[in-house]
Amino acid sequence: MNKDTVVLGIETSCDETSASVVKNGKAVLSNVIYSQINIHKKFGGVVPEIASRNHIEVIGNVVKEALDEASITLDDIDVVAVTYGPGLVGALLVGLSYGKALAYGKGIPFVGVNHIEGHISANYLDGDFEPPFICLIASGGHSHIVFVKDYGEYEVLGRTVDDAAGEAFDKVARALGLGYPGGPKIDEISKNGDPYKYNFPKSFMEKDNFDFSFSGLKTAVINQLHKERQNGNEVNIADYAASFQMNVVDVLSSKLIEAARYKNINKISIAGGVASNSLLRERLLKLADEEGFMIHFPKQVYCTDNGAMIASAGYFDYIRGKVSGLDLNAIPYLKLF
Amino acid sequence: MKVLAIDSSSNTATVALVDENGLIGEFSINHLRHSIILMPMIDELLKMAETKKEEITHIAVCKGPGSFTGLRIGAATAKGLAQSLNIPIVGVSSLDGLAFNVREFRGIICPIVDALRGYVYTSLYRGGAELISLSDVTLKKAGELPDIVNKYSDDVVYIGDGIIPYKDVLKNVSSKEVFFASPINNISRASSIGMMAFEKIAKGELSTYIDFKPYYIRKPAPLENAN
Ligand SMILES: [Zn+2]
């Protein structure tokens, strides 16, 4: 490829409507994110029908702004990349239908992108981080440990058997009365809590197992909280949050390091909303230093759902020969492969 | 003018190409799977009609009421086409479209779109040489319709997917003849959406890929229950 390839990425799988222009899979020319988080806050979580209604209202403007900010027009776009799963089906269908029609109208290729692949590709944005590496993807919807062998080539080493890590943060935050979304709230309040106050159970900590389970932890936190309240004890929410967070960080970080050792790979990275967690970052920096691993964190803005990561994944799919048909459907439970 | 019309708001996915003289081509599949088939249908229609996408001057799309997800598939497709082809969107009500299917009926035309849980989206028209709208779109219990229709002395024709579950209730109309649209006329036709769009184009009622919104009538479930 001698010529630059400019990709428009569109992401509407949950409650962020986002569009972005990315050159050659790495150089972000624009990344517009319209977050609905304040709309869903009062419901304590994302309401699918409300999310879909907001996507269809704002998507035109979000795409227009992405083009304007990149100072280009649709004529300069070579490929349209759109998330087609996993995610909320009604929400996915807005971006997917829009992206297909946009590419068709311009007569340019269209590539359906796996959202998890998008999160992994966030590591390529605005930098020169390259495969092979071991990636932990942890967000409200997903928890995976993936061996990224090359661009677009993955081996899933482990995944959650029940709740996603971000989901556990949301549920525990709700039980503690901290509100939604749980990740940032628990991160914040934990700074004032004692992480060693409660020793909640850790799941699947045996060697060579890279799967997660957060449902038992969530239940243990809630049960302990009820017990203390029933006993009339003064409950320190910060201690609960800190102990819970410590538990999740212990599990995620040790499994990531263990997976890298197992595959004999000395490059690790994290992606997804939970990758913004300050304790997780701190812990991984320390562990990576001890092990002599190279660690990469995508910029904070690329850890939330965004169009840039979709454009990047779409670019690497495209140059490897993948183009999707106009009959591509949204797949709410799409697997990485 | 060449209008590409799209409606995916019911069980039928339908696309049509129309101009001032009428129908150039139409493609309807009454089999759901809209997200899979809608764009290939548009592609096929344009190919068979030997029409370049650049010749299209307007995108007409059903704005609702109807299936929420179906409306958004249509709206998102219309927006993507409108932006890439740099042309306006014309939103047409699903009830206007259905009424146009039986426009020649000399009497009251009552389109009814099933809104589930015993409710329908409906409005009234008088047919004939021209289609005249008699009321705004509302959400009604199916059982209320005979009383509404009884206010007029004309014969009545019901049309739309609501006639299937509620046929027995709707028959209770006194002192006039009650008709039900044939199974062929009873589904949404993009050609009717397209023909109704010409009236809107003449009046300058145009939308863009930025401001077009589906018209749901119903609020999303959590808000509806809160009221
Ligand atoms: Zn995500």
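Residues numbered from 1 in each chain as written. Chains lettered and ligands numbered in written order. Predicted model: local features only at pLDDT ≥ 70, side-chain atom pairs only at ≥ 80, totals over all residues. Heavy atoms only, no water.

(A) Quick look at the overall build of chain B. Counting secondary structure elements, chain B contains seven helices and 12 strands. Whereas a compact globule of 227 residues would reach a radius of gyration of roughly 17 Å, chain B reaches 17 Å, a difference of no more than 12%. Along the three orthogonal principal directions, the C-alpha set of chain B runs to about 50 × 45 × 35 Å. Out of the 227 residues belonging to chain B, those deemed buried represent 54%. (Helix = DSSP H or I, 4+ residues; strand = E, 2+ residues; numbered from the N terminus. Rg over C-alpha atoms; globule rule 2.2 N^0.38 Å. Buried < 20%, exposed > 50% of the residue type's maximum accessible area, 1.4 Å probe, protein only.)

(B) Geometry of the coordination of the zinc ion. Residues and elements named next belong to chain A. Within the protein, the zinc ion binds to His115 (NE2), His119 (NE2) and Asp305 (OD); these donor distances fall in the range 2.1 to 2.2 Å. Taken in sequence order, the residues that donate to the zinc ion follow the motif H-x3-H-x185-D. Here His115 and its partner His119 are both found in helix α4 (residues 115-121), four residues apart, which amounts to about one turn of the helix. We classify His119 as buried; its relative accessible area is 0%. (Donors = N, O, S within 2.8 Å, 3.2 Å for Na, K, Ca; no water.)

(C) Focus on the nonpolar core. Judged by nonpolar contacts, the single largest core of 93 residues is most densely connected at A:Ile10, A:Val63, A:Ile77, B:Ile42, B:Ile59, B:Leu81 and B:Ile109. The biggest single contributor to this core is helix α3 (residues 89-106) of chain A, with nine residues. Beyond its immediate stretch of four places on either side in the chain, B:Ile42 contacts A:Tyr104, B:Leu4, B:Ile6, B:Val15, B:Thr77 and B:Leu81. Among the nonpolar cores identified, the runner-up in size contains 50 residues, and A:Leu136, A:Val172, A:Leu225 and A:Leu280 belong to it. (Core = buried A, V, L, I, M, F, W, Y, C linked by side-chain atoms within 4.5 Å. Contact = heavy atoms within 4.5 Å.)

(D) Structural context of the pairing of strand β5 (residues 89-93) of chain B. Residue and element names in this part refer to chain B. Most of β5 sits inside the fold, with five of its five residues counted as buried. Here β5 shows two buried faces, one formed by Ile89, Gly91 and Ser93 and the other by Val90 and Val92. After leaving strand β4 (residues 58-64), the chain enters helix α2 (residues 68-85) and then returns to the sheet as β5, a path that is right-handed. (Right-handed = clockwise from strand over helix to strand, strands pointing away.)

(E) Region of the structure containing unusual backbone geometry. Residues and elements named next belong to chain A. Residue Pro132 follows Pro131 across a cis peptide bond; omega there is 0°. The topology assignment puts Pro132 in the loop between α4 and β6 (133-138). Cis geometry is found at the peptide bond from Tyr180 to Pro181, where omega equals -5°. With respect to the secondary-structure elements, Pro181 resides in the loop between α5 (165-175) and α6 (182-190). Located in the positive-phi region is Asn24, a residue other than glycine, with phi close to 50°. By the element assignment, Asn24 lies in the loop between β2 (16-23) and β3 (27-35).

(F) Up close: the domain arrangement of chain A. Residues and elements named next belong to chain A. As assigned here, chain A comprises domain 1 (6-124 + 302-319) and domain 2 (133-298). The distance between the C-alpha centroids of domain 1 and domain 2 comes to 27 Å. Taken together, the contacts link 19 residues of domain 1 with 23 residues of domain 2. Between domain 1 and domain 2 lies a buried interface of about 1,800 Å² when both sides are counted; carbon and sulfur atoms form 68% of it. The largest contributions to the domain 1 side of the interface with domain 2 come from Ile120, Asn123 and Cys303, which together make up 35% of the buried area. Between the two partners, domain 1 and domain 2, sit zero salt bridges. One can count six residue pairs in polar contact (both at pLDDT 80 or more) joining domain 1 with domain 2. Elements represented by at least two residues in the side of domain 1 that touches domain 2 include exactly α1 (37-41) and α4. Looking at the side of domain 1 that touches domain 2, the element that brings in the most residues is α4, giving five residues. (Domains from an automatic or database assignment. Buried area = accessible area lost by both parts, 1.4 Å probe. Salt bridge = Lys/Arg side-chain N within 4 Å of Asp/Glu carboxyl O. Polar contact = N/O pair within 3.5 Å; in protein donor to acceptor, adjacent residues only side chain to side chain.)

(G) Layout of helix α5 (residues 163-170) of chain B. Residues and elements named next belong to chain B. Within α5 the residues assigned to the buried category are Ile163, Tyr166 and Leu170. One face of α5 carries all of its buried residues, which in axial projection span an arc of 95°. Facing away from the buried side of α5 by over 90 degrees, the exposed positions are Ile164 and Asp168. Close packing links the buried residues of α5 with β6 (108-116), β7 (119-122), α4 (145-149), β11 (156-159) and β12 (178-180). (Arc of directions from axis to C-beta.)

(H) Spotlight on the pattern of salt bridges. Residues and elements named next belong to chain A. In total, this model carries 27 salt bridges over all chains according to the counting rule given. Between Glu291 and Arg261 there is a salt bridge, with its nearest N and O atoms 2.4 Å apart. Taken together, the residues Glu291 in helix α9 (residues 278-291) and Arg261 in helix α8 (residues 237-263) connect sequence positions 30 residues apart. A residue is classified by how much of its surface remains accessible, and Glu291, at 29% relative accessible area, is partly exposed. It is possible to trace a salt-bridge network through shared partners that takes in Asp163, Glu167, Lys171 and Lys218.

(I) Here's a closer look at the interface of chain B and chain A. Tallying the contact residues gives 32 residues for chain B and 30 residues for chain A. When the buried surface of chain B facing chain A is broken down by residue, B:Met39, B:Arg72 and B:Gln83 rank first, second and third, together holding 21% of it. Taken together, the connections running from chain B to chain A amount to two salt bridges. Summed over the shared surface of chain B and chain A, the result is eight residue pairs in polar contact (both at pLDDT 80 or more).

(J) Examining the UniProt feature "binding site: Fe cation" (unreviewed entry) in chain A more closely. All names here are of chain A. Under the UniProt annotation, the feature "binding site: Fe cation" (unreviewed entry) is placed at His115, His119 and Asp305. Taken together, the annotated residues stretch across 191 residues yet fold into one region, lying no more than 8.6 Å apart by C-alpha. Owing to a relative accessible area of 1%, His115 belongs among the buried residues under this scheme. The residues touching His115, leaving out its near neighbours within four places in the chain, are Glu11, Ser13, Thr83, Gly85, Pro86, His142, Asp305, Met309 and Ile310. Within the structure, His115 has its side chain in polar contact with the side chain of Glu11 (distance 2.9 Å). The contacts of His119, once residues within four sequence positions are left out, are Ile137, His142, Ala271, Gly272, Cys303, Thr304, Asp305 and Met309. (UniProt positions renumbered as here; feature names shortened; annotations may be inferred.)

(K) Molecular detail of the domain arrangement of chain B. All names here are of chain B. Examined at the domain level, chain B breaks down into domain 1 (2-94 + 188-226) and domain 2 (95-186). On a C-alpha basis, the centroid separation for the pair domain 1 and domain 2 is 23 Å. Contact with domain 1, which involves 18 residues of that partner, is made by 21 residues of domain 2. Taking both partners together, domain 1 and domain 2 bury about 1,500 Å²; carbon and sulfur atoms supply 54% of that area. The largest share of the area that domain 1 buries against domain 2 comes from Arg189, Met196 and Arg218, three residues that together contribute 37% of it. One can count zero salt bridges joining domain 1 with domain 2. Remark: the boundary between domain 1 and domain 2 carries nine residue pairs in polar contact (both at pLDDT 80 or more). Of all the elements in the fold, those that place two or more residues in the side of domain 1 that touches domain 2 are β5 and α6 (190-203).

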